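# Remarks on the overall topology
One letter stands for each residue in the lines below.
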Amino acid sequence: MKKLLLISGLALGLAAAANAQLISVDAGNNGFVGWTKTTSNPTFADAFLGDQAVTNTSGVWGNVSWGLWANSLATVGEVFPLGGNLAVGGSVTITISLGNMDGGSIVGFGLQDSSNNNLFESYYVGGGTDAWKLNDGGQDDITGPVTTWGASSWSNSTKQTIKFTLLPSNAYSLSFNNVDATNTGMFLSASNISQVRIFNYNAGHGASNNQYFNSLSVVPEPSAFALLGLGLAAFAIRRKIKIS
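Here goes a summary of the coordinates provided. (Residues numbered from 1 in each chain as written. Predicted model: local features only at pLDDT ≥ 70, side-chain atom pairs only at ≥ 80, totals over all residues. Heavy atoms only, no water.)

As a further point, take the pattern of salt bridges. Pairing between side chains of opposite charge can happen when their charged atoms approach one another. Across all of its chains, the model carries three salt bridges by this definition. A salt bridge links Arg-197 to Glu-121, with the shortest nitrogen-to-oxygen separation between them at 3.9 Å. Remark: Glu-121 occurs in strand E10 (residues 118-125) and Arg-197 occurs in strand E16 (residues 195-201); sequence separation between them is 76 residues. Taking relative accessible area as the criterion, Arg-197 reaches 15% and is therefore assigned buried. Overall, Glu-121 belongs to the buried group, its relative accessible area being 14%. (Salt bridge = Lys/Arg side-chain N within 4 Å of Asp/Glu carboxyl O. Helix = DSSP H or I, 4+ residues; strand = E, 2+ residues; numbered from the N terminus. Buried < 20%, exposed > 50% of the residue type's maximum accessible area, 1.4 Å probe, protein only.)

See below:
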């Protein structure tokens, strides 16, 4: 009976890894299901499903996207839980298209722990140096990829697909449209990433200042990775008992 249970545990872990390796959500298919909204002032900042198509060089980028608008020094964010901590080797990918941005405004995404503490952020600052930033405890311009506003604005028919990958020893890699960032010292203070946040601080008034996000994916899904770990642990225990 014990042998059967142990084998079942291994099978469950392997099946979970095979069948549930990916969190994949997009605005058109999922809307804001699973997301939690935070806003400093709902009169001046809110989220919406954009029915204005966001375009790129290859055509229409979906008919619906996650839209965030904010003005009058207000902030709006949407948070998506991962169901566990991101494993080493795991990645988070999201696509962002900027609208116009007032000076000093900030738009981007972050990776947080379960207590809403920011462990990593990548964002664009309106009116500042013309490059995306990364912030893992200190702010730096992204180096390597082309991340100027003209290469990030939906009005210029382009977008940024940003991929974060967690590496051993709290290191990480980052890419924009499949081009790796070349920044040095890319380390997190902690690696217990368990949720994703998209946000807009004070981008400005009017439809042209709306900010758009889409296509969030996480590989592997943390819950599947945990089940695989349990299955392998059960297998290892069984093997040790048998050898002894």
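This structure, assessed with the given rule, holds nine aromatic pairs. When the centroid spacing of 5.1 Å and the interplanar angle of 65° are considered together, the rings of Phe-120 and Tyr-172 count as edge-to-face. Here Phe-120, found in strand E10, pairs with Tyr-172, found in strand E14 (residues 172-176); they are 52 residues apart in sequence, far enough to count as distant. With relative accessibility at 0%, the residue Phe-120 sits in the buried group. Look at Tyr-172 and you get buried, because its relative accessible area is 3%. (Phe/Tyr/Trp six-rings, centres within 6.5 Å; stacked < 30°, edge-to-face > 60°.)

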